[in-house]
Amino acid sequence: MNAKHANGVAFSDGKFVPAGDAKISVLDWGFTRSDVTYDVVHVRDGSFFRMDDHLARFERSMLGIRLTPPHSMAEIASIAERCVALSGLRDAYVAMVCTRGSPRVFGSRRPQDCDNKLIVYAIPWIDVIPLDVQARGAYLHIASVPRIPPASIDPTVKNYHWGDLTRGLFEAHDTGADTAVLLDCDGYVTEGPGFNVFIARHGEVLTPDRGALEGITRRSVLELCEMLAIPARIAPLRKQDLLSADEMFCTTTAGGVMPVSRINDHIMSGGKPGKISTQLKSFYWEQHKAGWHQTPVNYSA
């Protein structure tokens, strides 16, 4: 690994720089208004996982909030690969971010007066739920704060509107839990801070049908279930479904399949990761090693 860039590399303002040196203006609406979208793809053992799917979702997200990056999607893919190659990282968290930018006309309140900005960075691997917590099964808390309604903020567009999620995290940590899951205003299960949720009940795997990002790892798990002949479907879930689940796990690009052993006072699988959760976690990483949806990084580029 290149020691100079061991903490990552970023592309900002048309230049590749150490990740810690990347900057955004305090006048950028991405900062002042959270007028921004992003996507994250991971690199494992020197290969991107489902890069095309992440690029497609990033493009949909930008279209959804009317952002036009100063680079084509093919150029963004090349920039992301270059960030990883320059860093030398074999396991990385790679983010592609598009912000509204700052108005060309001082004081303007017209989004059309902003030049959109692209930032890409590759930093060392991140596990949303630490490995030691995954090993014993995460403790989740069902937050009292509801998820922002989809009519206000489209949850299928990755965003930094985390006010509700952050409140949920404080609640969770106050109770001694590791993280939180939020319900919507009608009491249906949505998602957690940076991850989708699944339950297993009577041998069937279920994941919420609303209020959540359509995660790439979520999609992968549904495909893995089909490969393993495990019944799985997207369905409406309520609080009681979580509190009566046989098993539960979370999924995200930054961590994969992450088992849960407790939610509120409901203890599952004897207080340890369940059989289906463990099977899917192992199979997920086995498929990585087998080359499933892998795009190798050209480190000599």
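Report on the accompanying structure. (Residues numbered from 1 in each chain as written. Predicted model: local features only at pLDDT ≥ 70, side-chain atom pairs only at ≥ 80, totals over all residues. Heavy atoms only, no water.)

Attention shifts here to the packing of aromatic side chains. The geometry of an aromatic ring pair comes down to the distance between the two centres and the angle between the two planes. All chains considered together, the criterion is met by seven aromatic pairs. When the ring of Phe-49 is compared with that of Tyr-284, the centres are 5.7 Å apart and the planes differ by 80°; the resulting orientation is edge-to-face. Here Tyr-284 lies in helix 8 (residues 275-289) and Phe-49 lies in strand 4 (residues 47-49), a separation of 235 residues in the sequence. The lysine or arginine in question, Arg-210, covers the ring of Tyr-188, its NZ or CZ lying 3.9 Å from the ring centre. (Phe/Tyr/Trp six-rings, centres within 6.5 Å; stacked < 30°, edge-to-face > 60°. Helix = DSSP H or I, 4+ residues; strand = E, 2+ residues; numbered from the N terminus. Lys NZ or Arg CZ within 6 Å of the ring centre and 35° of its normal.)

For Asp-13, which is not glycine, the phi dihedral falls at a positive 55°. For Asp-13, the position within the fold is in the loop between strand 1 (9-12) and strand 2 (15-18). Even without a glycine there, the phi angle at Asn-264 is positive, about 55°. Within the secondary structure, Asn-264 sits in the loop between strand 13 (256-263) and strand 14 (266-267).

Another point: the pairing of strand 13. Among the eight residues that make up strand 13, seven are buried, leaving the element largely enclosed by the rest of the structure. For strand 7 (residues 138-142) and strand 13, the ladder comprises three bridges, and the chain directions are parallel. By the bridge assignment, Ala-138 is partnered in strand 13 with Val-260. Two strands pair when backbone bridges link them, and strand 12 (residues 247-252) and strand 13 are joined in this way by five bridges, in the antiparallel orientation. (Buried < 20%, exposed > 50% of the residue type's maximum accessible area, 1.4 Å probe, protein only. Pairing = 2+ DSSP bridges.)

This part takes up empty space enclosed by the protein. In total, this model carries one cavity of 30 Å³ or more according to the counting rule given. In this structure, the largest cavity is lined by Arg-147, Ile-148, Ile-153, Asp-154, Pro-155, Asn-159 and His-161. Here the residues of the lining of the largest cavity sort into three nonpolar, two polar and two charged. (1 Å grid on protein atoms, 1.4 Å probe; cavity = no way out; pocket = protein on both sides within 12 Å on 5 of 7 lines; lining within 4 Å. Points joined across faces, edges and corners; volume = space filled by probe spheres on them. Nonpolar A, V, L, I, M, F, W, Y, C, P; charged D, E, K, R; others polar.)

This brings us to a nonpolar patch on the surface. There is a patch of nonpolar side chains on the surface, built from Ile-24, Val-26, Leu-27 and Phe-31 and spanning about 420 Å² of accessible area. Mapped onto the fold, Leu-27 is located in the loop between strand 2 and helix 1 (29-32). (Patch = residues over 30% accessible without salt bridge, like charges linked within 9 Å, V, L, I, M, F, W, Y side chains within 5 Å. Areas by Shrake-Rupley, 256 points an atom, 1.4 Å probe, with all protein chains shown as cover. Salt bridge = Lys/Arg side-chain N within 4 Å of Asp/Glu carboxyl O.)

We now examine the nonpolar core. Side chains of a nonpolar character, in soluble globular proteins, are inclined to be buried together. By size, the foremost hydrophobic cluster in this structure holds 25 residues, and its most contacted members are Phe-48, Phe-58, Val-94 and Val-120. Residue assignment for this core shows that the elements contributing at least two residues are strand 1, strand 3 (36-44), helix 2 (51-64), helix 3 (73-87), strand 5 (92-99) and strand 6 (117-124). Take this core: its biggest share by element is six residues, from helix 3. Contacts of Val-120, omitting those with residues within four sequence positions, involve Val-9, Ala-10, Phe-11, Ile-79, Ala-80, Cys-83, Ala-95 and Met-96. Grouped together as the second largest cluster of nonpolar side chains are 22 residues, Ile-142, Leu-183, Val-197 and Leu-242 included. (Core = buried A, V, L, I, M, F, W, Y, C linked by side-chain atoms within 4.5 Å. Contact = heavy atoms within 4.5 Å.)

The next thing to look at is helix 5 (residues 163-174). A turn of α-helix holds 3.6 residues, and therefore any two residues three or four places apart point the same way. With 12 residues, helix 5 extends 17 Å between its outermost C-alpha atoms, agreeing within 8% with the 16 Å of an ideal straight helix rising 1.5 Å per residue. Where helix 5 is concerned, the buried positions are Asp-164, Leu-165, Gly-168, Leu-169 and Ala-172. An end-on view of helix 5 places all buried positions within 140° of arc, on one side of the element. For helix 5, the exposed residues lying more than 90 degrees away from the buried face are Arg-167, Phe-170 and Asp-174. In the core, the buried residues of helix 5 are packed alongside strand 7 and strand 8 (179-181). Where helix 5 ends, the next residue or the one after it, Gly-176, has phi of about 90°, a positive value. (Expected span 1.5 Å × (residues − 1). Arc of directions from axis to C-beta.)

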